[in-house]
Amino acid sequence: MTSLSFNSARIINHKLQSQKPISNYKSQSKPFRIPLSTSNFSTNPHISQLKSSKFRLHSVSEGSVSTNESSVLTATEDDIDDDPTAEVCYVDPEFDPTSITEWELDFCSRPILDIRGKKVWELVVCDNTLSLQFTKYFPNNVINSITLKDAMISICDELGVPLPQKVRFFRLQMQTIITKACRELGIKSIPSKRCLSLQLWLEERYETVYMRHPGFQASSKPLLALDNPFPMELPENLFGEKWAFVQLPFSAVQEEAASLETKFGAGLDLDLLGIEIDDKTLIPGLSVATSRAKPLAAWMNGMEVCSVEADTARACLILSVGISTRYVYATYQKTKEMTQESEAWEAAKKECGGLHFLAIQENLDSDDCVGFWLLLDLPPPPV
């Protein structure tokens, strides 16, 4: 079984900063053709043998919200490290702050009550390497785009970093506030579930910070639940011609991710994810082939691809992009063989901790791909 755990060593114990308080389903009309193969998909990545082709084909396949400033000045470092009410304000001194051009941002309520009995809100900001980390609590009566905009400016002022070029966020319900604040600052806002560093940090904060906060409410449910909407029909420009379930050894996956500067796609910070996988372990993926591979990969490149799922109930593949957009990416004939194939692919993905990939190729027999997306199925954060 693959070991997948958040590398919490990236979370630094920071000194508390003095903060200024801010008082009916239908199959597609154009399904991909399913290539025929005699190979079987193995759910045991350590046993499967590789073909000569790099891609292996498979058969059809707040107490108080604001921290008391006097306590900030007198608290010892040990007290701060153990204080769940402390706010984080940190940038890695060994990292060039001007190189941080993209933020991941969450602005939402937490399972914590303030002295008024109201839910505390929190702004959490980081970059994808966690070289930038910032948190700040807010009372629920100041939640608007102005508060968020001012807080984003204060991050730059306090940490000496420039405003980012892009901000990713994963909550659809906060899109209006976040988009407006970013627009007024000249920042491109991107709704995307590819905020993996942020989501993993929130999960870590839930266990190490929120649960230890004096105002923690164990029975509290997330105020802004994540959506999982019914899949829509795939847009014309995203159709491929053929597809196949494939596997790549982890070492080859790393090579593809390392070469993304020369192709379309997106990688993941595998070190941050704490992924421990043997180089020979086979990672499941989906290969899509088309004679218009470059245009297709270019279109996909602007869609914040999140994951691919084999839905055996609907006999289709589902592509998740952005925050809550899901497409019927391909359909297949609901036979016993294909159901088993799809189930085996999902089982292999689970064995790899949700790690999988999407490759766009000119043909399924090629060793090269035009686009490559390293993907990870993650459960939503507990907050």
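What counts and what doesn't
- Residues numbered from 1 in each chain as written.
- Predicted model: local features only at pLDDT ≥ 70, side-chain atom pairs only at ≥ 80, totals over all residues.
- Heavy atoms only, no water.
- Helix = DSSP H or I, 4+ residues; strand = E, 2+ residues; numbered from the N terminus.
- Buried < 20%, exposed > 50% of the residue type's maximum accessible area, 1.4 Å probe, protein only.
- Areas by Shrake-Rupley, 256 points an atom, 1.4 Å probe, with all protein chains shown as cover.
- Pairing = 2+ DSSP bridges.
- Axes fitted to C-alpha atoms, helices over the stretch in contact; angles between N-to-C directions.
- Salt bridge = Lys/Arg side-chain N within 4 Å of Asp/Glu carboxyl O.
- Contact = heavy atoms within 4.5 Å.
- Expected span 1.5 Å × (residues − 1).
- Polar contact = N/O pair within 3.5 Å; in protein donor to acceptor, adjacent residues only side chain to side chain.
- 1 Å grid on protein atoms, 1.4 Å probe; cavity = no way out; pocket = protein on both sides within 12 Å on 5 of 7 lines; lining within 4 Å.
- Points joined across faces, edges and corners; volume = space filled by probe spheres on them.
- Nonpolar A, V, L, I, M, F, W, Y, C, P; charged D, E, K, R; others polar.

Caption draft 1: Quick peek at the overall build of the protein chain. Of regular secondary structure, the protein chain possesses nine helices and 18 strands. When each of the 383 residues of the protein chain is scored for burial, the buried share is 52%. Taken as a whole, the protein chain presents about 17500 Å² of accessible surface, with 49% of it coming from carbon and sulfur.

Caption draft 2: Expanded view of the sheet that holds strand S3 (residues 89-91). One open sheet accounts for six strands, arranged S3-S6-S5-S4-S7-S8; its pairing is mixed. Two strands in the sheet have a free side with no partner beyond their single neighbour: S3 and strand S8 (188-191). With direction set aside, neighbouring strand axes in the sheet form an average angle of 20°. As defined by bridge partners, strand S4 (residues 102-113) adjoins strand S7 (residues 166-169) across three bridges and the pair is classed as parallel.

Caption draft 3: Structural view of the pattern of salt bridges. Per the stated rule, a full pass over the model turns up 14 salt bridges. The shortest N-O distance in the salt bridge between Arg 205 and Glu 122 comes to 2.6 Å. Pair noted here: Arg 205 is in helix H5 (residues 196-208) and Glu 122 is in strand S5 (residues 119-126), with a separation of 83 residues, a long-range link. Among the residues examined, Glu 122 registers a relative accessible area of 0% and is labelled buried. A salt bridge links Asp 311 to Arg 314; the nearest nitrogen and oxygen atoms lie 2.7 Å apart.

Caption draft 4: Region of interest: the sheet that holds strand S16 (residues 325-331). Strand order across the open sheet formed by four strands is S9-S16-S15-S14, with mixed pairing between neighbours. The open sheet has two free edges, formed respectively by strand S9 (232-233) and strand S14 (305-311), since each of these has just one partner strand. As paired strands, strand S15 (residues 316-321) and S16 are joined by six bridges and run antiparallel to one another. The residue of S16 that forms the bridge with Leu 317 is Ala 330.

Caption draft 5: Molecular detail of unusual backbone geometry. Phi at Glu 304 takes a positive value of approximately 55°, unusual for a residue other than glycine. In this structure, Glu 304 sits in the loop between helix H8 (293-301) and S14. When its relative accessible area of 14% is taken as the criterion, Glu 304 is described as buried. Positive phi, normally seen in glycine, also occurs at Ala 315, with a value near 55°. Tracing the chain through its elements places Ala 315 in the loop between S14 and S15.

Caption draft 6: Representation of the side chain of Thr 135. Structurally, Thr 135 can be placed in strand S6 (residues 132-138). For Thr 135, a relative accessible area of 1% corresponds to the buried category. In contact with Thr 135, not counting residues within four places along its chain, are Ala 86, Glu 87, Val 88, Glu 122, Leu 123, Val 124, Trp 201 and Arg 205.

Caption draft 7: Focus on helix H3 (residues 145-159). For H3, spanning 15 residues, the distance from its first C-alpha to its last is 21 Å, which sits close to the expected 21 Å at 1.5 Å a residue. Along H3, the positions that sit buried rather than exposed are Ser 145, Thr 147, Leu 148, Ala 151, Met 152, Ser 154, Ile 155, Cys 156 and Leu 159. Against the buried residues of H3 lie S3, S4, S5, S6, S7 and helix H4 (175-184). Residue Asn 144 occupies the N-cap position of H3, its side-chain oxygen lying 3.1 Å from the main-chain nitrogen of Ile 146. Residue Gly 160 follows H3 closely and has a positive phi angle near 70°.

Caption draft 8: Fine view of the side chain of Ser 192. Structurally, Ser 192 is set in the loop between S8 and H5. Apart from residues no more than four positions distant in its own chain, Ser 192 is found in contact with Arg 168, Phe 169, Phe 170, Glu 304, Gly 322 and Ile 323.

Caption draft 9: Seen up close, the layout of surface pockets. In this structure, the largest pocket occupies an estimated 900 Å³ of space. Along its surface, the largest pocket is lined by 32 residues, and Glu 102, Asn 128, Arg 168, Ala 266 and Gly 267 are the ones closest to its centre. Considered class by class, the residues forming the lining of the largest pocket number 14 nonpolar, nine polar and nine charged. For the second largest pocket, the calculated volume is near 490 Å³. Forming the walls of the second largest pocket are 23 residues, and the residues nearest its centre are Lys 193, Ser 307, Ser 320, Asp 377 and Leu 378. Of all the secondary-structure elements, those providing two or more residues to the lining of the second largest pocket are H5, S14, S15 and S16. The dominant element in the lining of the second largest pocket, judged by the number of residues it contributes, is S14, at three residues. For the lining of the second largest pocket, the residue count by class is 11 nonpolar, six polar and six charged.

Caption draft 10: Quick look at the environment of Arg 168. With respect to the helices and strands, Arg 168 occurs in strand S7. Each C-alpha atom, one on Arg 168 and one on Asp 127, is 9.6 Å from the other, the two residues being 41 residues apart in sequence. If sequence neighbours within four positions are ignored, Arg 168 has contacts with Glu 102, Trp 103, Glu 104, Leu 105, Ile 190, Ser 192, Arg 194, Cys 195 and Glu 304. Polar side-chain contacts of Arg 168 include one of 2.9 Å to the side chain of Glu 304.

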